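Chain by chain, the residues:
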Amino acid sequence: MTALSGKITAVRAISGEQQAKQRVEISFKAACRLPARTQAPEWLKDQVLKIEREVTDLREVGDPGDYLPLSVEESSRWLYPLQVAPAVCYGAMPENLAISLRWWKDEKGPEYQILANGRRITGTFDKTGNVFTANLPTASFFSSAPALPVEFTVTCDKMKAVCTVLPAGTPYARRLLLPAGEVYRVENSWYRLDILAGKEGGGIAAWHERGREIDHFQRPEHLIERPLEMAGHLDRFYQGWRPSEKMTTLAMSCTGIRREQDAARLFLEGVLDEGQILRTTVTCLVPDDLPLVVWQREFHFHTGKKPPEPDKQKEELPKEPIDEMMLMGMGFRGAWLTERNGASGSRMFSAYRDQLVTLRSAEVNRMLRCNGWRMSSGWAMVEHPERHDYTLYLFDRHRPPFLYSWAGAQTITLEPAWLPAPARAGDSCGFTLAISAGEVGGVSPNGGWVACRAALPDGGVRCGIIARLHDAVEPTARVTLGDMERAVPLTLTRVLGVGMVASAVVDFPAGMLSLPLSAVVGDIPARRPGVAVGTGGR
Amino acid sequence: MDTFSPRTFSTDWEVLVFDRLGRAVGTEKLLAFAGALRDELDLPVTIDWNALEYTAGINTSFAQFRERLWRFTERAEQLLREYELDLYPAGTHPVERMTQAGHIHVGTITDETAGIRLENQLFRYMPAFAALAANSPVMPGLRGQYKSYRVRYLANYDVTPVAIRDPQCSQQSWGTDASAKVYGVPTLEVRIPDGPSSRCFLAEFATFVAAFVHQQGTKVREEQPGPAEYREYLVNRWVAAKYGLQATLSWNGEPRPVVEILGEMLDDSTDALAILGASRADLPLIDRMLARRVCQADWGMTLFARYEDPYLLAAAFGKLLRHWDAFDEYLATAAPLEPVPFPDEEAILAAHLESIGEGTHFYSTREAMYFPPPEADAIIALLEGRGAITRELSPERGLVLSRIDDGHTLLEEAP
């Protein structure tokens, strides 16, 4: 999460020393946002803000002019002052919009404006304690029930918040403005993904499994961190030993959102390096009927005239072909909150030839590099056994990446990387991943699988399985929900760039989300039986 | 016999520098400040990666060292403040990955043979110095489990355990806890200490280390220590990193509080201290630290509970670090800490087992306490014999180990 950092303007003791602790009021001006130290929000410009802290030594606070990082919680009301509830809802229009302004520079609240359906309504806030609030009936904007989706855009000074009403039960992809920033949300009946476009070259920030209403990329919300540092999926581009830093700040433009007959598709594009005419694209395809996301990343080294470099010598120096050559390397990084503080719990699996590999570092801040073998099985799985959280990555078996993994105090990562290659203008590189996440999984030298479930619209439970199996394994599955068992054949589908993906969907019309789920896929049993997940899910 | 003549000493004290957005200042800009300070103070101030390095020149007395240190700190502070920068003197930082040391150079030595023999004699005392100087209880993602993460993790391989050397079969060495470095400046360098936060501590500590090494230099022995003594040193090194001055070391096979050992080392250095113009009475801060078993790391750890976020912790601690006497003041009122018993063999095994996850390369177990091959392999065999780990060998991955959790290999389906 991001936080505000300020410059102190004054420090005032507000209570006497009691039990070696003192309460102080610190006045400051916003300086930047942490951790990237980017610009503070425009609405805080020249504003003197105040917080209170308890200290044992006044010198911890510092003096006027000093750096004052705020915690995520302390920062929230200044970074995201304007909020509308609900921010996102499904199916039915909310009766009212609850607007709150948690900070304003004056005693008197400002005007707000709401725009929807071409109508614009202006109003003033009421003040309750330190918060300005307003409630507005949504009926004011529509004379009849509108077709969804619908957006209500609330503006106030330079702040903006949006309430989006989406159709229920319809797979879709759409741009949303959430309190923490802009995301593209892609959803089917299994998952709800939030894809960051404004940074990280388009990465996956949230992966909600709808059946259990859990986010596989949950993160410690109270710590200052880069958006996908501790949890999320991001792709990497290499022009040398280290991943390109440009990807971390790269904003992507949306070049299309498409509903197809049986899938939603999102296209993002960004310019990674203008000087080298280097572009990158992401296509995220979410099929309606499977717990699967197909993620395709490309890096293009374009031909064409480079923009002039301001300091370049006028005289053209002699060149050899190597001068036009560029190293192109690529990889990705999936990061998850680790279980049991990295000492045990979370682990990852992959396989090559007939070898199953399991990896978990017991030491923190440790990079594990597997340079002696490639993931020729074409799959890798990350397991968090305590929270029943499994994510399966499938990729091309014919040119597989090498496995790298990093263990942080709160993070475990899967960081495969492909071998770099020389490239010249006109060349490109890329990879395609098929990713599935669920609550049960199995691994063996013969393959890996993941299963998840979702509520059926008219009651009952639908279970889905995604697997990659050795060719010799019988493509069948036995799925158990409570005491109900179904045997099903697996469907083999060729996903271009990934290869054969085995899948099955099984309905349990009498099933309930509260029953434990398990499966045997091919000859691979579940690593742990499923557990009751309550009655969550929409 | 006097291995050191004339008797001199110095320090390389690495200090990070931060701006008022909390960013560490990089090498190129630090070079400018180092140049200005070197020119003005006529001391070989330099940089080491992203740290400003105070190199104190050649000192022959406590008073001279202290005076130069005060002059450097005051001038550096003023020069940096012109650019709204602050020094961050500590062994580690909650956000930055660099580690900082306060190396002590002891001169003047040109006899490398004697220097190597002295290394073999001095290494057993290095954990005691590490405990006294412990000042790195936090690293990115880690806090509080060790009082010197820098020593525990070898300062990114910038300070490794001493390897016992035979002068007849030696090449030059670099980067160990203590080594003769006559190929450069004619000194024996003690590299194990964390970068200090208190300049008063640095002045007392550097003089103490120098006097102790000088004293040892008057009785250099030819015999080489054996494996048992070497193992004792490595376990002591781990214990010192973990517990600082609360540590109990193993001393000739018997448990002994590190503060007692340090007290004895101070007493043994009386004559050598006198040559440097000091006596134990001139080192009151160290005496108080020993009496209370409180090191600089304990001071830093008092902030942990109130600043969970590393950025907030770095800012609060950084502001305290501006005050050169802040640790000294803390120490004056700090409650004494209790000693922690020396770990038994089961605890040593457990520390090794903790280094093993799944598919862990067997060499990672070496990093638990840096035992040499026969001892480290014996521990692996013992853990395997007890059914605590499994081993797997493949040409592609080499020998890898996996911990067995509650009687089940983690590769099996859990119960």
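Residues numbered from 1 in each chain as written. Chains lettered and ligands numbered in written order. Predicted model: local features only at pLDDT ≥ 70, side-chain atom pairs only at ≥ 80, totals over all residues.

K.L.:
Any chance you could explain the overall build of chain A here in plain terms?
P.N.:
A count of helical and extended segments in chain A gives two helices and 42 strands. A globule of 538 residues ought to have a C-alpha radius of gyration of about 24 Å, and chain A, at 26 Å, matches this closely. The principal-axis extent of the C-alpha atoms belonging to chain A is close to 75 × 75 × 60 Å. Out of the 538 residues in chain A, the part that is buried amounts to 44%. (Helix = DSSP H or I, 4+ residues; strand = E, 2+ residues; numbered from the N terminus. Rg over C-alpha atoms; globule rule 2.2 N^0.38 Å. Buried ≥ 20, exposed ≤ 12 C-beta atoms within 10 Å, placed from the backbone.)

K.L.:
Would you explain the overall build of chain B in this entry?
P.N.:
If you tally the helices and strands in chain B, you get 17 helices and 15 strands. Here chain B has a C-alpha radius of gyration of 22 Å; the compact-globule value for 415 residues is 22 Å, and the two agree. Its C-alpha atoms give chain B principal-axis dimensions of about 65 × 55 × 45 Å. Summarising the internal contacts of chain B: among those between residues at least 6 apart in sequence, 74% fall at separations of at least 24. (Contact = placed C-beta atoms within 7 Å.)

K.L.:
Can you help me understand the interface of chain A and chain B in this one?
P.N.:
How big an interface is tends to be stated in terms of accessible area lost as the parts join. Every contact between the two is made by 41 residues of chain A and, on the other side, 33 residues of chain B. Counting only elements with at least two residues in the side of chain A that touches chain B, the list comes to β1 (3-18), β2 (21-34), β4 (67-69), β26 (355-359) and β27 (366-374) of chain A. The element best represented in the side of chain A that touches chain B is β26 of chain A, accounting for four residues.

K.L.:
Help me understand the sheet that holds strand β12 (residues 150-156) of chain A in this model?
P.N.:
Residues and elements named next belong to chain A. One open sheet holds the five strands; their spatial order is β6-β13-β12-β8-β9, and the pairing between them is mixed. Two strands close off the open sheet at either side, each with one partner strand: β6 (88-90) and β9 (119-124). Geometrically, the sheet is characterised by an average inter-axis angle of 15° between neighbouring strands, direction not taken into account. Strand direction decides the pairing type here: β12 and strand β13 (residues 159-166), joined by seven bridges, are antiparallel. What sits directly across from V150, in β13, is V165. (Pairing = 2+ DSSP bridges. Axes fitted to C-alpha atoms, helices over the stretch in contact; angles between N-to-C directions.)

K.L.:
What should I look at first to understand the domain arrangement of chain A in this one?
P.N.:
Residues and elements named next belong to chain A. Partitioning chain A into structural domains gives domain 1 (3-70), domain 2 (80-168), domain 3 (171-305 + 325-446) and domain 4 (447-525). Just the C-alpha atoms count here: the centres of domain 3 and domain 4 sit 23 Å apart. Taken together, the 34 residues of domain 3 in the interface contact 32 residues of domain 4. For the side of domain 3 that touches domain 4, the secondary-structure elements that each account for two or more residues are β23 (293-301), β28 (379-384), β29 (389-394), β33 (428-438) and β34 (440-444). When residues of the side of domain 3 that touches domain 4 are assigned to their parent elements, the largest contribution, six residues, is made by β33. When its residues are assigned to classes, the side of domain 3 that touches domain 4 shows 17 nonpolar, eleven polar and six charged. (Domains from an automatic or database assignment. Nonpolar A, V, L, I, M, F, W, Y, C, P; charged D, E, K, R; others polar.)

K.L.:
Can you help me understand the sheet that holds strand β11 (residues 131-137) of chain A in this one?
P.N.:
Backbone hydrogen bonds are what pair the strands of a sheet, in a parallel or an antiparallel way. All names here are of chain A. Strand order in this open sheet of four strands is β5-β7-β11-β10, and the pairing throughout is antiparallel. Two strands close off the open sheet at either side, each with one partner strand: β5 (82-85) and β10 (126-128). On average, adjacent strands in this sheet sit at an angle of 30° to one another, irrespective of strand direction. As paired elements, β10 and β11 share three bridges and run antiparallel to each other. Each bridged residue has a counterpart across the sheet, and for K127 the counterpart in β11 is F132.

K.L.:
Please explain the packing of helix α1 (residues 27-41) of chain B against helix α2 (residues 62-81) of chain B as it appears in this structure.
P.N.:
Think of two packed helices as two axes; the pair is described by the angle between the axes and how far apart they sit. Residues and elements named next belong to chain B. Between α1 and α2, whose axes approach to 11 Å, the crossing angle comes to 135°. One way to sum up the angle between α1 and α2 is to call them oblique. The interaxial crossing formed by α1 with α2 has right-handed handedness. Judged by residue contacts, F33, A36, L37, E40 and L41 of α1 engage R71, F72, R75, A76, L79 and L80 from α2. Looking at the contact of α1 with α2 residue by residue, the classes come out as eight nonpolar, no polar and three charged. (Parallel < 35°, antiparallel > 145°, perpendicular 65-115°, else oblique. Left-handed = near helix turned anticlockwise from the far one by under 90°.)

K.L.:
What exactly am I supposed to notice about the pairing of strand β11 (residues 254-257) of chain B here?
P.N.:
Remark: a regular strand shows side chains that alternate across the two faces of the sheet. In this sheet, β11 of chain B lies alongside strand β10 (residues 248-251) of chain B in antiparallel orientation, the contact comprising four bridges. Considered in β11 of chain B, the bridge of L249 of chain B is made with R256 of chain B.

K.L.:
I tried to follow the nonpolar core on my own but got confused; where do I start?
P.N.:
Counting residues in hydrophobic clusters, the biggest one holds 252 residues, and the most contacted among them are V17, L132 and V209 of chain B. For this core, the element with the most residues is helix α7 (residues 199-216) of chain B, which contributes twelve residues. Ignoring anything within four residues of it in the chain, the contact list for V17 of chain B reads A24, V25, L30, L52, L80, L85, L87 and Y88 of chain B. One finds L101, F132, V154 and A161 of chain A within the second-largest nonpolar core, a separate group that totals 19 residues. (Core = buried A, V, L, I, M, F, W, Y, C linked by C-beta atoms within 7 Å.)

K.L.:
Would you explain the confidence of the model for chain B in this entry?
P.N.:
Interpreting fine coordinate detail is not advised for predicted regions of low pLDDT. All names here are of chain B. On average, residues of chain B carry a pLDDT of 94, and 97% of them reach 70 or more. In the predicted structure, residues 407-415 sits below a pLDDT of 50 and forms 18 contacts with residues beyond four places in sequence or in another chain. The ipTM, which scores confidence in the relative placement of chains, is 0.90 for this predicted complex, and the corresponding pTM is 0.92. (pLDDT = per-residue confidence, 0-100.)

K.L.:
Honestly, the environment of L223 of chain A in this entry has me stumped. Any pointers?
P.N.:
Mapped onto the elements, L223 of chain A comes out in the loop between β18 (214-215) and β19 (232-238). Under the C-beta neighbour-count criterion, L223 of chain A is labelled partly exposed, with 18 such atoms within 10 Å. A sequence separation of 297 residues divides L223 of chain A from V520 of chain A, and the C-alpha atoms of the two residues are 39 Å apart. In contact with L223 of chain A, other than residues within four places in its own chain, are M1 and V72 of chain A together with D309 of chain B.

K.L.:
Is there a simple way to think about the environment of P339 of chain B in this case?
P.N.:
Among the secondary structure elements, P339 of chain B is positioned in the loop between α14 (326-333) and α15 (345-354). Beyond its immediate stretch of four places on either side in the chain, P339 of chain B contacts Q246, T248, P257 and R293 of chain B.

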